Structure formats: structure tokens, C-alpha cells
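So you can see what is in the structure, the chains are spelled out below.
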Amino acid sequence: MNTILLKADGSLEDNHKTVVKDPLKYLNAGVTLADDYTLRSFFRMLETHPAYAELNEFSANLIDQFNQCPPDGCAYPGIDCLEMGKTVEMIGFPGEPRLEIYNAFQGRSGGEAQDIRSIQVAHLLDIPVYLGRLRHVIFGDKMDVFEFETVYNLFEYMEAIIWELSFHSLPEQCNI
């Protein structure tokens, strides 16, 4: 699989060359993140490549929120990092079994998952972002959860982040 590097300044790098045109052709490429990559880097990517922002109707509102934020110092106490995760879950035994595959974008603190839906985007921008492992859950048995290395393509990476952040529209006065 072709992979691209997402850099902190919002640029994409393919085989050590900065992508300047045709960014849509990289949507199915696997992503790796630069060591200094933060959520702010994600928004810089949407600004650098406006075609990406047009892929999701929630992007415009999130970009507006981003543009109103301070240029630095936007980190929430108690959240060590933000992590992209993928889960494959077998459900429905006994009964009609089914398989669900979904991505999640959440905070982590001390190695534990943290819900970030009540945290404003302005308080998450300067938190490091990492790519997590795939979790395989069998019939809801939380004791037998297997974890594997996995690949995230650029489209699913962007969609998971935008989907999660689309719930962060409470007024600042409601932030506890």
C-alpha cells in the first residue's frame, strides 16, 4: 500500500516529496504521522488542501472554530494524547451474528481511553495525535480483546476525526 507522511505544517509527503497538486489521489493511501503531529496539524492540512475540507459537510464549521483559536497553547489538562483507533467486533451470539468495523478518535490519559466530546476543539489543538492499534472484540467478550498493528488510509483518518469533532459544538460557556 502506498503511504504518505502527514507533517505538522499541514503538508503531505509522498516518497520524500511534498504534495502540491492532486491531493485527492492520496485518499486511499496509508498514513503515517510526523513525530510532532498535533490536531492543529490536521486543520493545517485542511487549509493547505481545501479539496479535503469539501469531502465532509462538517468541515466548514470546524475550520471556522479552528480559525478563531489562539495560535498556540491549546491543550486540555489531563489529556496526554489523541488517538485514532479501529475496532472489529463480532456481535450477535447467540442469535444472528454480524461483524461491525468502526473507527474512533479519542483522548488518552495514563494509557486509558478518555471521551473528548465535552471538550472544545480550542482545547485540543496542541495535543499530540497518534495512530492506535486495531482492536478485535469477539461477541462482546471484553476479556478476549486482541490488538494488532493496522493501517489507516487518509480518507478514514479524516472522516473519523471530523465525525468525532462534529459533536464538539457546545458554546464555550458550557465547557466544564
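Before reading on, note that the structure itself is shown above.
Residues numbered from 1 in each chain as written. Predicted model: local features only at pLDDT ≥ 70, side-chain atom pairs only at ≥ 80, totals over all residues. Heavy atoms only, no water.

**Student:** Give a description of the packing of helix α1 (residues 39-48) against helix α3 (residues 59-67) that names residues and reports values.
**Tutor:** Where α1 meets α3, the closest approach of the two axes is 11 Å, and the angle between their N-to-C directions is 115 degrees. α1 and α3 meet at a crossing whose hand is left-handed. Counted together, Arg40, Phe43, Leu46 and Glu47 of α1 and Leu62, Ile63, Phe66 and Asn67 of α3 form the full contact between these two elements. (Axes fitted to C-alpha atoms, helices over the stretch in contact; angles between N-to-C directions. Helix = DSSP H or I, 4+ residues; strand = E, 2+ residues; numbered from the N terminus. Left-handed = near helix turned anticlockwise from the far one by under 90°. Contact = heavy atoms within 4.5 Å.)

**Student:** Run through the pairing of strand β6 (residues 98-109), naming residues and quoting values.
**Tutor:** Here 11 bridges tie strand β5 (residues 81-91) to β6, and the two strands are oriented antiparallel to one another. Directly across from Met84, in β6, lies its bridge partner Phe105. Counting the residues that bridge the hairpin from β5 to β6 gives six residues, and of these Gly92 lies at a positive phi of roughly 105 degrees. In this structure, the hairpin formed by β6 and strand β7 (residues 112-114) is closed by a connection of two residues, where Gly110 is found at a positive phi of approximately 60 degrees. (Pairing = 2+ DSSP bridges.)

**Student:** Tell me about the environment of Glu100, residues and numbers included.
**Tutor:** Mapped onto the elements, Glu100 comes out in strand β6. Put simply, Glu100 and Glu89 are 11 residues apart on the chain and 5.2 Å apart in space, counted from C-alpha to C-alpha. Only 3.0 Å separates the side chain of Glu100 from the side chain of Arg98, close enough to count as a polar contact. (Polar contact = N/O pair within 3.5 Å; in protein donor to acceptor, adjacent residues only side chain to side chain.)

**Student:** Break down the nonpolar core for me, with residues and values.
**Tutor:** The biggest cluster of nonpolar side chains holds 41 residues, and the ones touching the most others in it are Leu6, Leu39, Phe42, Phe43, Leu154 and Tyr157. The element that contributes the greatest number of residues to this core is helix α4 (residues 154-165), accounting for seven residues. (Core = buried A, V, L, I, M, F, W, Y, C linked by side-chain atoms within 4.5 Å. Buried < 20%, exposed > 50% of the residue type's maximum accessible area, 1.4 Å probe, protein only.)

**Student:** Tell me about the packing of aromatic side chains, and please be specific about residues and values.
**Tutor:** All chains considered together, the criterion is met by five aromatic pairs. Ring geometry for Phe42 against Tyr157: centres 6.1 Å apart, planes inclined by 75 degrees, an arrangement best described as edge-to-face. One end of the pair, Phe42, is in helix α1; the other, Tyr157, is in helix α4, and 115 residues separate them in sequence. Considering the side-chain rings of Phe43 and Phe66, the 5.0 Å spacing of their centres and the 10 degrees angle between planes classify their relative orientation as stacked. (Phe/Tyr/Trp six-rings, centres within 6.5 Å; stacked < 30°, edge-to-face > 60°.)

**Student:** Give me the pattern of salt bridges: which residues, what numbers.
**Tutor:** Between side chains of opposite charge, a pair can form as their charged atoms come close. Throughout the structure, instances matching the rule amount to eight salt bridges. Linking Glu13 and Lys7 is a salt bridge whose minimum nitrogen-to-oxygen distance equals 3.3 Å. Residue classification places Glu13 among the buried positions, given a relative accessible area of 15%. Salt-bridge contacts for Glu149 lead to Arg133; the nearest nitrogen and oxygen are separated by 2.7 Å. Note that Glu149 is positioned in the loop between β9 (141-148) and α4 and Arg133 in strand β8 (residues 129-138), a separation of 16 residues in sequence. Judged by relative accessible area, Arg133 falls into the partly exposed class, the value being 38%. Here the salt bridges do not stand alone but share partners, grouping Arg133, Glu147 and Glu149 into one network. (Salt bridge = Lys/Arg side-chain N within 4 Å of Asp/Glu carboxyl O.)

**Student:** Tell me about the sheet that holds strand β1 (residues 3-6), and name the residues and values.
**Tutor:** Overall, mixed pairing links the four strands, which are arranged β3-β2-β1-β4 in an open sheet. In the strand order of this sheet, the two ends are held by β3 (17-18) and β4 (30-33), each with one partner. Bridge count for β1 against β4 is four bridges, and the pairing is parallel. Counted as the bridge partner of Leu6 is Leu33 from β4.

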